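Chains, contacts and geometry: an overview
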Amino acid sequence: MKTMLAIISNALCRMTGRNAGAQTVSELLTDLSEFVDLTSPAAPASAQTQRLPPKPPPTAVSTRAAAVLLVSGCADRPGARVVVSRSFADFTPQATFDIKKCDLHRLEEGPPVKAELTREQGLQYYRTMQTVRRMELKADQLYKQKIIRGFCHLYDGQEACAAGIEAAINPSDHLITAYRAHGYTYTRGVSVKEILAELTGRRGGVAKGKGGSMHMYAPHFYGGNGIVGAQVPLGAGIALACQYQGKNQVCVTLYGDGAANQGQLFESYNMAALWKLPCIFICENNKYGMGTSVERAAASTDYYKRGDFIPGLRVDGMDVLCVREATQFAADHCRAGKGPIIMELQTYRYHGHSMSDPGVSYRTREEIQEVRSKSDPISMLKERMLSHNMASVEEFKEIDIEIRKQVEEATQFATSDPEPPLEELCNHIFSKNPPLEVRGTSPWSKLKSVS
Amino acid sequence: MAASLRCFLRSGKNTVSALQLRDFHRSAPAAVQMTVRDALNQAMDEELERDERVFLLGEEVAQYDGAYKVSRGLWKKYGDKRIIDTPISEMGFTGIAVGAAMAGLRPICEFMTFNFSMQAIDQIINSAAKTYYMSAGLQSVPIVFRGPNGASAGVAAQHSQCFAAWYGHCPGLKVVSPWNSEDAKGLLKSAIRDENPVVVLENELLYGVPFEMSEEAQSKDFTIPIGKAKIERQGNSITLVAHSRYVGHCLDAAAVLAKEGIECEVINLRTIRPMDVESIETSVMKTNHLVTVEGGWPQFGIGAEICARIMEGPAFNYLDSPVTRVTGVDIPMPYAKILEDHSLPQVKDIIFSVKKTLNI
């Protein structure tokens, strides 16, 4: 297997003149597998079990009775394509994994160092992260084709953060982030279709094409904010509303290592601590603020300590389980009325700062490659599940195919949906307002605005 | 006493004629004298009572009763949850107020003066004003930013700027500038009830001035529509347009000019954005002359905008002379009294400009 990967990798290198990393090669194989038949006899009547089902695991929680056909693959019957799966009872329904211990600041105890994962959860996290990954890669493609314009800040590499946080909070909790927002827009409930259509500036976009990459909104999701750091006081304000309204909700307020040096953050920390606002401040430290590494920007790169009087955690942001456990811990802290808490997620972005940044002038390709091969969040989860027999390779492949299809369909929509109509240019200036007249580019151009 | 008498005379109303409309048995309409400060206080009190989502935050608004005592008594009545003292962190607490508005509350964010709002201007414009548009209607921001604007007395350059033109420039914001107590109460109540970000530009020098409050204005549901100017004084010779404190100056000038047979029509803008240009145009089409009066600097100011709008509309053809702008002097505000007095429009400057415009 290793040799085959090496052969393909080398071939790609020769063809493209660039290094083809393990990720690229595995993606290529995944793509090719769509066209490679898994040959087998199709008749459902004679099911051949490959092997005897294993003894039920000690913590058997699966109540699914249906056994699925188990078919062996043979190479001599081309043309027949059959879904290969094993009986649900074959898979481990739940497993416990060791996760990295979090560094603590002003906390006696931290999140647990073991995380439980059920099969369903694992597949769901995988699906979420893979969807975000493919969506971002599609956005990259569309941007290079000039179908997406302006700003486009991609999230690939950081998927575990969005997926892990969402796994630990309720839909009724609140979340706000900065401009690298597509992942959170998805986890907070906006479809890939509406996200891509917003990026391509069409009327079917979540903000009807008027917001673009950085200004997407959903219930309990406040964007998508373009001004670095401005979202942090906003998040503290949302937390104030949570406290005021007494519904036991929290607000997750995200920012990057670059924004961590903004003054308004410290103003927010002060007020949040003073008033014990239920605010989880989360710094997504991907080591670079645009082109400036953290060492060159911050006198202290211990971002989880920068809240001083606010307790903090430093978390492995590439491990979805670590993120989930830490967020759960933080949410419990806030809901108990203990006030705000800071989490620093150590993560990494594969792309440059935005689509106009190749991302290699301030860091090496080797560094990017190393993170991809050793710490990719999606691979990490997949390997964990496979090694514990929680799912099969084929299952993951199926999920990948489904996601690919979903993203393709969304792309179809995003590239064919019409642009917003000119008549709506001036709409949505004011809420719940009678229609008003808006001056156009010349005195004779009198445009109409409705709420 | 002199101040209230002057206010009464300015209002253009005549007690005798008001009485004549009433039945002989009934008592006179129960108009009371109320300072602008008390009017603002009453407005906030009534709105806090009416809607539990409304709350006030800012520096010294709670236990100090307000830096200028505008929020006197509110903390005692409503407590810590609704009246919040903040640290000196404009950018932070303004952002917090905007976030709270996004999440369903209705904050009143007080700036001790609008000079300090400059530190928070990003949150006002980029986070509040533009959001409804950027989200295509998904996210509204029902917030009020209020505080004293413009020159005070002897507070020098960093504490005397007028922000009407800057905030009036931005789509997505509503900007109001009350003059008297009725304006203050009615506009602030409308602002609090509005679903959009509204900037309320008060004036510190007016806080202590009493004005007549009609019976209607004393009601708990008295609001003044945002976007509508008011004719404070009818006239045929020339139109004077002003906002805030200079409405008073215009009425004073009109009283003096009336003795010489010049009848000024004085328009109180009340709202800077959206500006009621129609009222100005209707007036100009009657009087054929226009003078604008403001405390802010001339370049890119309120008067400049009015000039441009008049030129673009039907009233241009009715002008017998170019529009005149009376403005603050184009300098940072000096400290010494004699210098400060000469940095802002005085009544005599208005009278002078009227006569020049009328070629008298």
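Residues numbered from 1 in each chain as written. Chains lettered and ligands numbered in written order. Predicted model: local features only at pLDDT ≥ 70, side-chain atom pairs only at ≥ 80, totals over all residues. Heavy atoms only, no water.

Listed under "domain: Dehydrogenase E1 component" (unreviewed entry) in the UniProt record, and renumbered for this structure, are residues 128–422 of chain A. Here residues 128–422 of chain A is 46% helix and 11% strand, with 36 Å between the C-alpha atoms at its ends. (UniProt positions renumbered as here; feature names shortened; annotations may be inferred. Helix = DSSP H or I, 4+ residues; strand = E, 2+ residues; numbered from the N terminus.)

Let's shift gears to the packing of aromatic side chains. Under the definition given, this model contains 14 aromatic pairs over all chains. With 5.4 Å between their ring centres and 90° between their planes, F163(B) and W166(B) make a pair best called edge-to-face. Cation over ring: K174(B) sits above F430(A), and NZ or CZ is 4.8 Å from the ring centre. (Phe/Tyr/Trp six-rings, centres within 6.5 Å; stacked < 30°, edge-to-face > 60°. Lys NZ or Arg CZ within 6 Å of the ring centre and 35° of its normal.)

All names here are of chain A. Within the fold, R324 resides in helix 10 (residues 320–335). With relative accessibility at 8%, the residue R324 sits in the buried group. Taking the C-alpha atoms as reference, R324 lies 25 Å from E398; in sequence the two are 74 residues apart. Sequence-distant contacts of R324, defined by excluding residues within four places in its chain, comprise A115, E116, L117, Q121, Y125, G164, A167 and A168. (Buried < 20%, exposed > 50% of the residue type's maximum accessible area, 1.4 Å probe, protein only. Contact = heavy atoms within 4.5 Å.)

What follows covers the domain arrangement of chain B. All names here are of chain B. Along its sequence, chain B is carved into domain 1 (33–218) and domain 2 (230–358). Listed by partner, the interface residues are 30 residues for domain 1 and 24 residues for domain 2. Between domain 1 and domain 2, the buried area comes to about 2,000 Å², and carbon and sulfur atoms account for 59% of it. Summed over the three residues of domain 1 that lose the most area to domain 2, namely G154, S177 and W179, the buried surface amounts to 26% of that side. As a salt-bridge pair, R270 and D183 come within 2.7 Å of each other at their nearest N and O atoms. Where domain 1 touches domain 2, the interface holds 11 residue pairs in polar contact (both at pLDDT 80 or more). Among the secondary structure elements, those contributing two or more residues to the side of domain 1 that touches domain 2 are helix 8 (164–168), strand 6 (174–176) and helix 9 (181–193). By residue number, the principal contributor to the side of domain 1 that touches domain 2 is helix 8, which donates 4 residues. Looking at the side of domain 1 that touches domain 2 residue by residue, the classes come out as 19 nonpolar, 9 polar and 2 charged. (Domains from an automatic or database assignment. Buried area = accessible area lost by both parts, 1.4 Å probe. Salt bridge = Lys/Arg side-chain N within 4 Å of Asp/Glu carboxyl O. Polar contact = N/O pair within 3.5 Å; in protein donor to acceptor, adjacent residues only side chain to side chain. Nonpolar A, V, L, I, M, F, W, Y, C, P; charged D, E, K, R; others polar.)

Residues and elements named next belong to chain A. Within the structure shown, the criterion is met by 42 salt bridges over all chains. Across the pair K138 and E408 runs a salt bridge, and its minimum N-O distance is 2.9 Å. Of this pair, K138 sits in helix 3 (residues 119–144) while E408 sits in helix 13 (residues 393–416), and the two are 270 residues apart along the sequence. For K138, a relative accessible area of 11% puts it in the buried group. Relative accessible area serves as the criterion here: at 39%, E408 is assigned to the partly exposed category.

Next up on the list: the packing of helix 3 of chain A against helix 12 (residues 377–387) of chain A. Two quantities define a packed helix pair, namely the angle between the helix axes and the distance between the axes. Residue and element names in this part refer to chain A. Packing of helix 3 against helix 12 brings their axes to within 10 Å, and their N-to-C directions diverge by 155°. For the element pair helix 3 / helix 12, the angle class is roughly antiparallel. Judged by the twist between their axes, the crossing of helix 3 over helix 12 is left-handed. Across from R119, G122, L123, Y125, Y126, M129, Q130 and R133 in helix 3, the residues of helix 12 making contact are P377, I378, L381, K382 and M385. Among the residues making up the contact of helix 3 with helix 12, the classes are represented as 8 nonpolar, 2 polar and 3 charged. (Axes fitted to C-alpha atoms, helices over the stretch in contact; angles between N-to-C directions. Parallel < 35°, antiparallel > 145°, perpendicular 65-115°, else oblique. Left-handed = near helix turned anticlockwise from the far one by under 90°.)

We now examine unusual backbone geometry. P274(B) follows R273(B) through a cis peptide bond whose omega is -5°. One can find P274(B) in the loop between strand 12 (271–273) and helix 11 (277–287). The phi dihedral of K146(A) is positive, around 65°, even though this residue is not glycine. Within the element layout of this structure, K146(A) appears in the loop between helix 3 and helix 4 (159–168). A positive phi angle, close to 60°, is found at K69(B), a residue other than glycine.

Moving on: the sheet that holds strand 9 (residues 312–316) of chain A. All names here are of chain A. Taken in spatial order, the 6 strands line up as 2-9-10-6-5-4 in an open sheet, and their pairing is mixed. What marks the edges here is a single partner per strand, and that holds for strand 2 (103–105) and strand 4 (174–176). Averaged over all neighbouring strand pairs, the angle between strand axes comes to 20°, with direction disregarded. Pairing analysis gives 6 bridges linking strand 6 (residues 279–285) to strand 10 (residues 341–346), with the strands arranged parallel. (Pairing = 2+ DSSP bridges.)

Take the sheet that holds strand 5 (residues 144–148) of chain B next. Residue and element names in this part refer to chain B. Taken in spatial order, the 7 strands make up an open sheet running 3-2-4-5-7-6-12, and their pairing is mixed. Of all the strands in the sheet, the pair left with one neighbour each is strand 3 (83–85) and strand 12. Averaged over all neighbouring strand pairs, the angle between strand axes comes to 20°, with direction disregarded. In this structure, strand 5 lies alongside strand 7 (residues 198–202), joined through 5 bridges in parallel fashion. Its bridge partner lying in strand 7, V144 is registered against V198. Sheet contacts for helix 3 (residues 36–50): strand 2 (54–58), strand 3, strand 4 (106–110), strand 5 and strand 7; angle to strand 2, the most-contacted strand, approximately 135°. Running over the sheet, helix 9 touches strand 2, strand 4, strand 5, strand 6 and strand 7 and is turned about 150° from strand 5.

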